[in-house]
Amino acid sequence: MIRTGSDYLSSLDDGRLVWLGSRKVENIATDRAFRNTASSIAQLYDMNCDEGDHEILNFRSPQFNCLCHRSFMIPRSHEDLAWKRQHHKAWAMESFGFLARSPDYMASGLAGFVSRRDVFSGGSFDGAENVMHLYEAAARGSLFLAFALTNPRLDRAASLSQQRKEDAIAVRAIKETDSGIYVSGVKAVATAAVFADEILVGTIEPLPEEDREHALTFYVSPNAPGVSLISRSSYEASAHSGADHPLSSRLDENDALLVLENVFIPWERLLIYRDAARNSAIWWDTPAYINMAHQASIRFWTKLEFMAGVAGLIVRSNGLEKIPQAREKLGQLLAHVQTAKSMVLAAETAHSSLPEDHGVVRLNQDIVYAQRAFAAEVYPKFIHELRMLCGSS
């Protein structure tokens, strides 16, 4: 049974501890700072229950013999990549590309993890079976996974282990038992974690061997004892109306600080344990990051489409459509849109399958990385041209 939007909203009332300033949030689904975005996410879940889009948005998993969101599909052909693109595109269109870490983002990352479970093996801890269990639970339950991967450091020139004792706040295991470990520490930029079913906690950048005490990857429920989320200011809460703030009033996925205070993590929820090399390898040696970049590149293409459309409406409303300079600017913006689209299609077409991937296909890595650089350079320019077309109007 595919999860409905109502099911998702009900799951948010689970006692998770979220702070907005000095205020404790009682229920994400009904709080004025989060409810509209939660409803927007719920609408995505309802889309997958719509019979009209059922084939595009869902597939029958050969592993679990049940319907799952296409974002959980492990691609084994160019056709599979195209199916996944259609799912990502359909969801991105619902938010005009502005709801970045929607549930399909990390779902594709999980599909990349289990494509290369061997990367989770080796050393003193084997997390290969655990990552498969997470993937199965997430795919069967249409779960929304967020992640928290950023290690806050007061002394940015020093490694995590070299921080002064009073400044050392990075996540680490503080106690080990037969049934699991206890962890404490802080992770920054936990995007969309307040809306998630599970939070994947890890580190995506390489860590030196001296930081192996911090080289942990595990997943934790937002309502687990000792877990708290400190939300940044809510754009949704400060939006006076949907007319004045049509995007931020309902598409504020939010960032938060994840605070773990003596949180118990069972061994079966641990994926990497005190292994600096594999802690980052699970992102780069598996297709996980490339899969996530697939969603991100499709969302970026969708966002540019939306903004180019807004630019066209601005030119028309300002009476600039007959002015050559304005038409030239619109043409340049539309060229960027087509470039963004072309890079998505090219990365899919130029896919590869490494011998160690056992038949799983990956997007072309060079094109994916070029797209990330292209997006970072073009987006600010796009915003600038949009503002210039607005002028004093």
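Preceding block: the structure.
Throughout what follows, the structure given in this document is the object of discussion. (Residues numbered from 1 in each chain as written. Predicted model: local features only at pLDDT ≥ 70, side-chain atom pairs only at ≥ 80, totals over all residues. Heavy atoms only, no water.)

### Focus: the overall build of the protein chain
Alright, step 1. Check the secondary structure of the protein chain and you find 11 helices and 12 strands.
Alright, step 2. The C-alpha atoms of the protein chain give a radius of gyration of 22 Å, which matches the 21 Å a tight globule of 393 residues would have.
Alright, step 3. Principal-axis analysis of the C-alpha atoms places the extent of the protein chain at approximately 75 × 50 × 45 Å.
Alright, step 4. Counting across all 393 residues of the protein chain, residues that qualify as buried make up 54%.
Alright, step 5. At a minimum sequence separation of 6, the contacts of the protein chain that also span at least 24 residues come to 74%.
Alright, step 6. Element-wise, carbon and sulfur atoms account for 52% of the exposed surface of the protein chain, whose accessible area totals about 17,300 Å². (Helix = DSSP H or I, 4+ residues; strand = E, 2+ residues; numbered from the N terminus. Rg over C-alpha atoms; globule rule 2.2 N^0.38 Å. Buried < 20%, exposed > 50% of the residue type's maximum accessible area, 1.4 Å probe, protein only. Contact = heavy atoms within 4.5 Å. Areas by Shrake-Rupley, 256 points an atom, 1.4 Å probe, with all protein chains shown as cover.)

### Let's talk about the sheet that holds strand β2 (residues 23-25)
Alright, step 1. Across the sheet, six strands lie side by side as β2-β1-β10-β11-β7-β6; this open sheet has mixed pairing. Each of the sheet's edge strands pairs with one partner strand only, and the pair in question is β2 and β6 (172-176). Direction aside, neighbouring strands of the sheet carry axes that sit 20° apart on average.
Alright, step 2. As defined by bridge partners, strand β1 (residues 18-20) adjoins strand β10 (residues 227-231) across three bridges and the pair is classed as parallel. Pairing of L20 across the sheet is with S231, part of β10. (Pairing = 2+ DSSP bridges. Axes fitted to C-alpha atoms, helices over the stretch in contact; angles between N-to-C directions.)

### Concerning the packing of helix α4 (residues 78-94) against helix α10 (residues 324-349)
Alright, step 1. The N-to-C vectors of α4 and α10 enclose an angle of 150°; their axes lie 9 Å apart at closest approach. Taken together, α4 and α10 sit at an angle that is classed as roughly antiparallel. Residues H78, L81, A82 and R85 of α4 form the contact with α10, whose participating residues are V344, L345, E348 and T349.
Alright, step 2. Considering only residue class, the contact of α4 with α10 consists of four nonpolar, two polar and two charged. (Parallel < 35°, antiparallel > 145°, perpendicular 65-115°, else oblique. Nonpolar A, V, L, I, M, F, W, Y, C, P; charged D, E, K, R; others polar.)

### A few points about the packing of aromatic side chains
Alright, step 1. Within the structure shown, the criterion is met by 19 aromatic pairs.
Alright, step 2. With centroids separated by 4.7 Å and ring planes inclined at 45°, the aromatic side chains of W284 and Y289 adopt a geometry described as tilted.
Alright, step 3. Judged by relative accessible area, Y289 falls into the buried class, the value being 19%.
Alright, step 4. Both rings, one in F300 and one in F374, keep their centres 6.2 Å apart while their planes meet at 90°; by these two values the pair is edge-to-face. Of this pair, F300 sits in helix α9 (residues 288-317) while F374 sits in helix α11 (residues 365-390), placing them 74 residues apart in sequence. Assigned by exposure class, F300 and F374 land together as buried.
Alright, step 5. Members of the aromatic cluster, joined through ring pairs, are Y105, F113, F120, F147 and W283.
Alright, step 6. Directly above the aromatic system of Y45 lies the positively charged group of R3, at a separation of 5.1 Å from the ring centroid.
Alright, step 7. Across the ring face of Y379, the terminal group of K303 is positioned such that the distance to the ring centre comes to 4.8 Å. (Phe/Tyr/Trp six-rings, centres within 6.5 Å; stacked < 30°, edge-to-face > 60°. Lys NZ or Arg CZ within 6 Å of the ring centre and 35° of its normal.)

### Some words on the pattern of salt bridges
Alright, step 1. Counted by the stated rule, this structure contains 17 salt bridges.
Alright, step 2. R269 is paired through a salt bridge with E198; the nearest N and O atoms lie 2.9 Å apart. In this pair, R269 is assigned in the loop between β11 (256-266) and β12 (270-273) and E198 in strand β8 (residues 198-201), connecting sequence segments 71 residues apart.
Alright, step 3. Residue class for R269 comes out partly exposed when judged on its relative accessible area of 21%.
Alright, step 4. Overall, E198 belongs to the buried group, its relative accessible area being 10%.
Alright, step 5. With a closest N to O distance of 3.2 Å, E213 and R274 form a salt bridge. With E213 in the loop between β8 and β9 (216-220) and R274 in the loop between β12 and α8 (276-284), this pair connects stretches of sequence that are 61 residues apart.
Alright, step 6. What makes E213 partly exposed here is its relative accessible area of 33%.
Alright, step 7. In this structure R274 comes out as partly exposed when scored by relative accessible area, which is 22%.
Alright, step 8. Taken together, the shared-partner salt bridges connect R116, D118, D357 and R362 into one network. (Salt bridge = Lys/Arg side-chain N within 4 Å of Asp/Glu carboxyl O.)

### Re unusual backbone geometry
Alright, step 1. The phi angle at V189 is positive, at roughly 55°, despite the residue not being glycine.
Alright, step 2. Following the sequence through the fold, V189 ends up in the loop between β7 (180-187) and β8.
Alright, step 3. Even without being glycine, H358 reaches a positive phi, approximately 55°.
Alright, step 4. Along the polypeptide, H358 turns up in the loop between α10 and α11.
Alright, step 5. H358 gets classed as exposed once you look at its relative accessible area, which sits at 62%.

### Let's talk about the pairing of β10
Alright, step 1. In terms of burial, β10 is largely enclosed, as four of its five residues are buried.
Alright, step 2. Here β10 runs beside β11; their pairing, made up of five bridges, is antiparallel. By the bridge assignment, I230 is partnered in β11 with L257.

Any functional reading would require information beyond the geometric quantities listed.
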